[in-house]
Protein chains: 2
Amino acid sequence: MKFVAEIDIMPLPALLDPQGKAVGSNMGNMGLPEIVGVRIGKHVTLEIEASDRGVAEKKVTEACEKLLVNQIMEGFSFRLEEA
Amino acid sequence: MKFVAEIDIMPLPALLDPQGKAVGSNMGNMGLPEIVGVRIGKHVTLEIEASDRGVAEKKVTEACEKLLVNQIMEGFSFRLEEA
């Protein structure tokens, strides 16, 4: 079976996220003061071939932990959909 | 009303995405040859104060088009949830 994974990788809540802070403080200057609390991370999509959903979840978690995510600074979550 | 927006910003399908290609071709070396088609973009979360969902959607679209997304190279989609 083929699955598509949509992975969100975000800076941990305890960390400052200077990129998000800079964008957030510019929202006011752009006429959008209603927008606050901006945080910026990465979004990764990938395709995975696996025998079932459980195996696919395990493989995606492995890919995140080994290659995609710096677990000292980032957390991740993902959704799997059958392709 | 307060909403939380989860925005995905991805390189347009027609573009090469060298970062995704590099990560994808390393999946095989990391023991994960089942994973292909990696594409890497940005994930942005933000909070927005608006009178209703329609207004919030309009403001988030405006923020994306004005500040967050380079529409020559990137496309975006978002989900809004009431906070």
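If you're wondering where the values come from, they're calculated on a predicted model, not measured in any experiment. (Residues numbered from 1 in each chain as written. Chains lettered and ligands numbered in written order. Predicted model: local features only at pLDDT ≥ 70, side-chain atom pairs only at ≥ 80, totals over all residues. Heavy atoms only, no water.)

K.L.:
Would you take a moment to explain the overall build of chain A for this structure?
P.N.:
Assigned secondary structure in chain A consists of two helices and three strands. What you see in chain A, going N to C, is helices and strands ordered as β-α-β-α-β. Overall, chain A is about 50 × 25 × 15 Å in size when its C-alpha atoms are taken along their principal axes. For chain A, restricting intrachain contacts to residue pairs at least 6 apart in sequence, the fraction spanning at least 24 positions comes to 74%. About 4400 Å² of surface is accessible on chain A, with carbon and sulfur atoms providing 57% of the total. Distance between charge centroids for chain A: 5 Å, based on 9 positive and 13 negative side chains. (Helix = DSSP H or I, 4+ residues; strand = E, 2+ residues; numbered from the N terminus. Contact = heavy atoms within 4.5 Å. Areas by Shrake-Rupley, 256 points an atom, 1.4 Å probe, with all protein chains shown as cover. Lys, Arg positive; Asp, Glu negative; His and termini not counted. Charge placed at Lys NZ, Arg CZ, Asp CG, Glu CD.)

K.L.:
Would you mind going over the interface of chain A and chain B with me for this structure?
P.N.:
Accessible area lost when the parts come together is the quantity often used to give the size of an interface. With 31 residues of chain A at the contact, the number on the chain B side is 31 residues. Roughly 2800 Å² is buried in total at the junction of chain A and chain B, and carbon and sulfur atoms are behind 65% of that figure. One can count two salt bridges joining chain A with chain B. Ionic pairing is found between A:Lys59 and B:Glu34, a salt bridge with its closest N-O pair at 3.1 Å. Our count for the contact surface shared by chain A and chain B stands at 14 residue pairs in polar contact (both at pLDDT 80 or more). (Buried area = accessible area lost by both parts, 1.4 Å probe. Salt bridge = Lys/Arg side-chain N within 4 Å of Asp/Glu carboxyl O. Polar contact = N/O pair within 3.5 Å; in protein donor to acceptor, adjacent residues only side chain to side chain.)

K.L.:
Just checking my understanding: could you explain the side chain of A:His43 for this structure?
P.N.:
By the element assignment, A:His43 lies in strand β2 (residues 35-49). Here A:His43 falls in the buried class, since its relative accessible area comes to 1%. Within the local environment of A:His43, its side chain forms a polar contact with the side chain of A:Asp8, the two groups lying 2.7 Å apart. The contacts of A:His43, once residues within four sequence positions are left out, are A:Glu6, A:Ile7, A:Asp8, A:Arg79, B:Asp8, B:Met10, B:Arg39, B:Ile40, B:Gly41, B:Lys42 and B:His43. (Buried < 20%, exposed > 50% of the residue type's maximum accessible area, 1.4 Å probe, protein only.)

K.L.:
How should I be thinking about the relation of the copies chain A and chain B in this particular structure?
P.N.:
The two chain copies are related to each other by a rotation about an axis together with a translation along it. Rotating chain A by 180° and moving it 0.0 Å along the rotation axis overlays it on chain B with an RMSD of 0.0 Å. In the structure described here, the two chain copies are related by an operation that fits a two-fold rotation axis. By C-alpha distance to the rotation axis, the residue of chain A lying nearest is A:Lys42, at 2.1 Å. An overlap of 100% is found between the interface residues of chain A and their copies at the interface of chain B, pointing to a shared contact surface. (Least-squares fit on C-alpha atoms with pLDDT ≥ 70 in both.)

K.L.:
Would you mind showing me how to read the pairing of β2(A) here?
P.N.:
Regular strands have side chains that alternate between both faces of the sheet. One ladder, built from eight bridges, connects strand β1 (residues 2-11) of chain A with β2(A); its direction is antiparallel. Residue pairing across strands places A:Glu6 opposite A:Thr45, the latter belonging to β2(A). Bridge count for β2(A) against strand β2 (residues 35-49) of chain B is eleven bridges, and the pairing is antiparallel. Residue pairing for β2(B): A:Lys42 is matched across the bridge by B:Lys42. (Pairing = 2+ DSSP bridges.)

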